[in-house]
Amino acid sequence: MTDVLGKVRSGEADAGLVYSTDVRLAAAEVDAVDIPEAAEFPNRYPAAVLAESAQPEAAAAFLEFLLTEDGQRPLREAGFTPAGES
């Protein structure tokens, strides 16, 4: 949970801007307002195997898993949208 969301939940703030994935954590306590223009400025969370990885095979396997339906499912359930989808 973010500090901003915590202040809204506790009543210290009347409103705040937070990620929609954070709002999902407190959906019973706060109201969300969609900002349609926000879709034009997505946050990206890239994944890659580091060249200096101590375990490059495990890192590559994890990255490959993230790209599968099983790997994407928990991300979607948490409110994240894969690149190329809206």
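An account of the accompanying structure is given in this report. This is a predicted model, so every value here is computed, not measured.

A few points about the layout of surface pockets
Then step 1. The computed volume of the largest pocket comes to approximately 1,700 Å³.
Then step 2. Around the largest pocket sit 42 residues that line it, and Tyr19, Ser20, Thr21, Asn43 and Gly79 are the ones nearest its centre.
Then step 3. Looking at the lining of the largest pocket, its residues break down into 27 nonpolar, nine polar and six charged.

A closer look at the packing of aromatic side chains
Then step 1. Within this structure, the stated rule accounts for one aromatic pair.
Then step 2. A centroid spacing of 5.7 Å and a plane angle of 90° characterise the contact between Tyr45 and Phe80, whose relative ring orientation is edge-to-face. Taken together, the positions of Tyr45 in the loop between helix 2 (20-25) and helix 3 (56-66) and Phe80 in the segment after helix 4 (69-77) put the pair 35 residues apart, joining distant regions of the chain.
Then step 3. For Phe80, a relative accessible area of 34% translates into the label partly exposed.

What about the pattern of salt bridges?
Then step 1. Enumeration over the complete set of coordinates arrives at four salt bridges.
Then step 2. In this structure, the salt-bridge partner of Arg76 is Glu69, at a minimum N-O distance of 3.5 Å.
Then step 3. Note on Arg76: relative accessible area 32%, which makes it partly exposed.

Rules of the game
- Residues numbered from 1 in each chain as written.
- Predicted model: local features only at pLDDT ≥ 70, side-chain atom pairs only at ≥ 80, totals over all residues.
- Heavy atoms only, no water.
- 1 Å grid on protein atoms, 1.4 Å probe; cavity = no way out; pocket = protein on both sides within 12 Å on 5 of 7 lines; lining within 4 Å.
- Points joined across faces, edges and corners; volume = space filled by probe spheres on them.
- Nonpolar A, V, L, I, M, F, W, Y, C, P; charged D, E, K, R; others polar.
- Phe/Tyr/Trp six-rings, centres within 6.5 Å; stacked < 30°, edge-to-face > 60°.
- Helix = DSSP H or I, 4+ residues; strand = E, 2+ residues; numbered from the N terminus.
- Buried < 20%, exposed > 50% of the residue type's maximum accessible area, 1.4 Å probe, protein only.
- Salt bridge = Lys/Arg side-chain N within 4 Å of Asp/Glu carboxyl O.

Function cannot be inferred from these measures alone, as they are strictly geometric.
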